Amino acid sequence: MEGKYKVLEVKQSVFADNDRQAEELRKELKQKKVFLLNLMSSPGSGKTTALTRTIEALKDELRIGVMEADIDSEVDAETISGLGVKAVQLHTGGMCHLDADMTRQGLSGLEDGDVELAVLENVGNLVCPAEFDTGAVKNAMILSVPEGDDKPLKYPLMFSVCDVVLINKTDVLPYFDFDMDKCRENIALRNPDAKVIPICARTGEGMEDWYAWLKEEVKKWAE
Amino acid sequence: MHELGIVFHIIRSVETVAQENQLSEVAAVTLEIGEVSTVIPSYLTDCWKWACGRTELLKGCILRVETVPAVTYCEACGRTYGTVEYGKTCPCCGSGQTYLIQGNEVNIKEIEAC
């Protein structure tokens, strides 16, 4: 066997192949003027509630499409379609994250030429979705108050890839030992550029700041 | 299943390299995996065996894993220390102003092929 095989130096990150596909997808989205937002969080942080409220507020101004990524079930896509916007359910088949290729497939299901804002609701998980670039223009994550202000320290990569962090469920702040200043500090340690917006998707508190950020980013992308 | 997704990406990358270099058989792939990359080598090896068996190019291909130690740098005192042992707080000066300089790699180092 010796001598039959030669050694080839590859020296390439395993993520390089996905990163390349993500870059290509972003270029196409720029041409088509489609803003893709990758929304990440742990399960139960209020992603679907926050998204539902956002859609209700913005659907008259923007053409919105949603891709729901879940290991199984159609629950979230049904909730979103009920609002009168396009929604597709992506089944990851047990996979814990979405990559650029799966995202591209989802976008084709949305007939992406026709939407201005495409939202990818990623799998509820703070680890793997952070490692795979989906091709999104911006990454957002939701951290809810009951999860604790130390999450940025426990999941540093997630916080370092996010452009905006929404701190949800501010209505329950009196019942938890959640220190908002400490949380901002912990986020800044991992990502000084991240914008932090405290919100309550249930009551609507703080949501205007989030809508303003989102509308501004969509506008900038289409310029 | 995180490792399975990673295995699919490795296979795709190796297939590209093989095509570019007109290779028809890959006998071994060597990876560099950082200590804090969140990838568990034993899971990766199990997924690898299953996934490789489904391709012509990589049938029976061996996966070798080299571990890259995790090292953190402290901005406050300028020293470095082992991340796995001490975490985010510098053991020399107690500062939390630290960042990882190596240890989250998931790289394909080299392949043996013909």
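For the structure given in this document, a descriptive report is provided here. (Residues numbered from 1 in each chain as written. Chains lettered and ligands numbered in written order. Predicted model: local features only at pLDDT ≥ 70, side-chain atom pairs only at ≥ 80, totals over all residues. Heavy atoms only, no water.)

### Some thoughts on the sheet that holds strand β2 (residues 62-68) of chain B
Reading across from one edge, β1(A)-β6(B)-β1(B)-β2(B) is the order of the four strands in this open sheet, with mixed pairing throughout. The strands lining the two open edges of the sheet, one partner per strand, are β1 (6-13) of chain A together with β2 of chain B. Averaged over all adjacent pairs, the angle separating strand axes in this sheet is 20 degrees, with direction ignored. Pairing between strand β1 (residues 26-34) of chain B and strand β6 (residues 106-113) of chain B: seven bridges, direction antiparallel. By the bridge assignment for β6(B), B:Ile33 is matched with B:Val106. (Pairing = 2+ DSSP bridges. Helix = DSSP H or I, 4+ residues; strand = E, 2+ residues; numbered from the N terminus. Axes fitted to C-alpha atoms, helices over the stretch in contact; angles between N-to-C directions.)

### Remarks on the interface of chain B and chain A
In this complex, chain B contributes 30 residues to the contact, which on the side of chain A involves 28 residues. For the pair chain B and chain A, the summed buried surface comes to about 2,600 Å²; carbon and sulfur atoms form 57% of the total. Three residues, B:His2, B:His9 and B:Lys88, lead the burial of chain B against chain A; their summed loss comes to 21% of the area buried on that side. Connecting chain B to chain A are three salt bridges. The closest approach of N and O atoms between A:Lys4 and B:Glu25, which form a salt bridge, is 3.3 Å. Inspection of the chain B/chain A interface yields 17 residue pairs in polar contact (both at pLDDT 80 or more). For the side of chain B that touches chain A, the elements supplying multiple residues, two or more each, are α1 (2-20), β1 and β6 of chain B. (Contact = heavy atoms within 4.5 Å. Buried area = accessible area lost by both parts, 1.4 Å probe. Salt bridge = Lys/Arg side-chain N within 4 Å of Asp/Glu carboxyl O. Polar contact = N/O pair within 3.5 Å; in protein donor to acceptor, adjacent residues only side chain to side chain.)

### Considering helix α1 (residues 16-32) of chain A
Relative to the 24 Å expected for 17 residues at 1.5 Å per residue, α1(A) spans 24 Å between its end C-alpha atoms, a close match to the ideal helical length. Where α1(A) is concerned, the buried positions are A:Asp17, A:Asn18, A:Gln21, A:Ala22, A:Leu25, A:Arg26 and A:Leu29. Contacts made by the buried residues of α1(A) are with β1, β2 (35-41), α4 (100-109) and α8 (207-222) of chain A together with α1 of chain B. Just beyond α1(A), the residue with positive phi is A:Lys33, at close to 60 degrees. (Expected span 1.5 Å × (residues − 1). Buried < 20%, exposed > 50% of the residue type's maximum accessible area, 1.4 Å probe, protein only.)

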